[in-house]
Amino acid sequence: GAAGGFVGVIVTSPLELLKTRQQSTVSNYSASSVTAGSGAVRHQAAAGNLEGAIWRQYRAIIGREGFRSLFKGLTPSVAAVVSSKGLFFLANSECRKHVRNFCSQGHVVHLTSGTLAGVINAFAMNPFWVIKTKLQLDERKCSRSAVWKTAKEMWRAERHKAFFRGASASLVGSFEFGLYFMIYEELKVKSLGRSFFAPFFKETSSIPNMIHLGLSASISKIISSTILYPTEVVRTRLREDLETPAKQRKYTKLWRTCELIYKEEGTRGLYGGWVLHLCKTIPFTIITFLVYEGLLDKFRESSHQKY
């Protein structure tokens, strides 16, 4: 899980950067800014299709902040993903063993164990994700000491509370892990892509199985992440530093933030950056699970050979 997460987070880092900015209201590249044709990309995003607007935003980011800015927040992301994926798969495996003592229904076991593992993972990794979000919303040029500087500023401002902003949204969003694993495990045992592609390859080829696992992972992720995506937007808003005219933080509570977003921006506001999220999360999930399942098979083979 850790190896798959490491590869996935590096490949999808530029998508994660723009997605975070589109979720926020303090960024010049937020979805609301693009829709209204305001901010730094006002002259670029006012016309053209979504794909064109995305590429124009990337060009604007590189022009203003440099190419390295596409990988802002990569250090805490790698630290969090490598730790969290290993922790998540371990926690999910252990939770599944205990849940099976109380319930034998497969889909209930996967849903419950995945959710519990997600809660453990979300709480433990929240400080890393807060720092990552802060770095990605910072539109100044990259600095080598940005991670430590950001962490110090957060500590001075709010002490330990700063590192757990958005934790409530993360805990609610943990249900996505349970929903994802329930769908994934159900699809994995079916011949979703294996039987269709098998005739095109040799019997000993592993490609049909890889395609099958990739399809299972991507379909599961599309469904689960779409349903729970608003929690991602709420989490980003809780972590940003937007203030009201009275110099108070605008977004402070989970349900209050949901109400404000829906009231001011409608359903579209709750799904800001959703397209980029799918573009990022589908390949990330496929890479993670192909590496995970591949290494798992290798470990099983070596275990059988050893014993």
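Structure first, text after, so check above.
Throughout what follows, the structure given in this document is the object of discussion.

Cut-offs applied
- Residues numbered from 1 in each chain as written.
- Predicted model: local features only at pLDDT ≥ 70, side-chain atom pairs only at ≥ 80, totals over all residues.
- Heavy atoms only, no water.
- Salt bridge = Lys/Arg side-chain N within 4 Å of Asp/Glu carboxyl O.
- Helix = DSSP H or I, 4+ residues; strand = E, 2+ residues; numbered from the N terminus.
- Buried < 20%, exposed > 50% of the residue type's maximum accessible area, 1.4 Å probe, protein only.
- Patch = residues over 30% accessible without salt bridge, like charges linked within 9 Å, V, L, I, M, F, W, Y side chains within 5 Å.
- Areas by Shrake-Rupley, 256 points an atom, 1.4 Å probe, with all protein chains shown as cover.
- Polar contact = N/O pair within 3.5 Å; in protein donor to acceptor, adjacent residues only side chain to side chain.
- Contact = heavy atoms within 4.5 Å.
- Core = buried A, V, L, I, M, F, W, Y, C linked by side-chain atoms within 4.5 Å.
- 1 Å grid on protein atoms, 1.4 Å probe; cavity = no way out; pocket = protein on both sides within 12 Å on 5 of 7 lines; lining within 4 Å.
- Points joined across faces, edges and corners; volume = space filled by probe spheres on them.
- Nonpolar A, V, L, I, M, F, W, Y, C, P; charged D, E, K, R; others polar.

### Topic: the pattern of salt bridges
Okay, step 1: Considering all chains together, one arrives at 12 salt bridges under this definition.
Okay, step 2: When the shortest N-O distance is used, the salt bridge between glutamate 94 and lysine 97 registers 3.4 Å. Pair noted here: glutamate 94 and lysine 97 are both in helix α6 (residues 74–99), with a separation of 3 residues, about one helical turn.
Okay, step 3: Between arginine 235 and glutamate 232 there is a salt bridge, with the nearest N and O atoms lying 3.4 Å from each other. Taken together, the residues arginine 235 and glutamate 232, both in helix α12 (residues 207–239) and 3 residues apart, mark about one turn of the helix.
Okay, step 4: By relative accessible area, glutamate 232 is classed as buried at 11%.
Okay, step 5: Through salt bridges with shared partners, a single network forms among Glu16, Lys19, Lys132, Glu232 and Arg235.

### Observations concerning a nonpolar patch on the surface
Okay, step 1: A contiguous nonpolar patch, built from Leu215, Ile219, Ile222, Ile223 and Ile227 and spanning about 370 Å² of accessible area, is present on the exposed surface.
Okay, step 2: Inspection of the secondary structure assignment puts isoleucine 223 in helix α12.
Okay, step 3: On the accessibility criterion, isoleucine 223 (37% relative accessible area) is partly exposed.

### As for the side chain of serine 170
Okay, step 1: You can see serine 170 is positioned in helix α9 (residues 167–173).
Okay, step 2: Residue serine 170 is classed as buried on the basis of its relative accessible area of 7%.
Okay, step 3: At 3.5 Å, the side chain of serine 170 and the side chain of asparagine 126 are in polar contact.
Okay, step 4: Beyond its immediate chain neighbours, meaning those up to four positions away, serine 170 contacts Ala122, Asn126, Arg235 and Arg239.

### Remarks on the nonpolar core
Okay, step 1: Counting residues in each nonpolar core, the largest one holds 10 residues, listed as Ala169, Tyr229, Val233, Val234, Leu238, Tyr251, Leu254, Leu260, Ile261 and Leu270.
Okay, step 2: When residues of this core are traced back to their parent elements, those giving at least two are α12 and α13 (254–270).
Okay, step 3: Not counting chain neighbours up to four residues away, the residues in contact with leucine 270 comprise Tyr229, Pro230, Val233, Cys258, Ile261 and Tyr262.
Okay, step 4: Phe88, Ala91, Phe181 and Tyr184 belong to the second-largest nonpolar core, a separate cluster that totals 9 residues.

### Brief notes about empty space enclosed by the protein
Okay, step 1: Inspection of the entire model under this criterion finds 1 cavity of 30 Å³ or more.
Okay, step 2: Contributions of two or more residues to the lining of the largest cavity are made by α2 (13–23), α6, α7 (106–137), α9, α10 (175–188), α12 and α14 (274–306).
Okay, step 3: For the lining of the largest cavity, the element with the most residues is α7, which contributes 8 residues.
Okay, step 4: Looking at side-chain class alone, the lining of the largest cavity contains 13 nonpolar, 19 polar and 10 charged residues.

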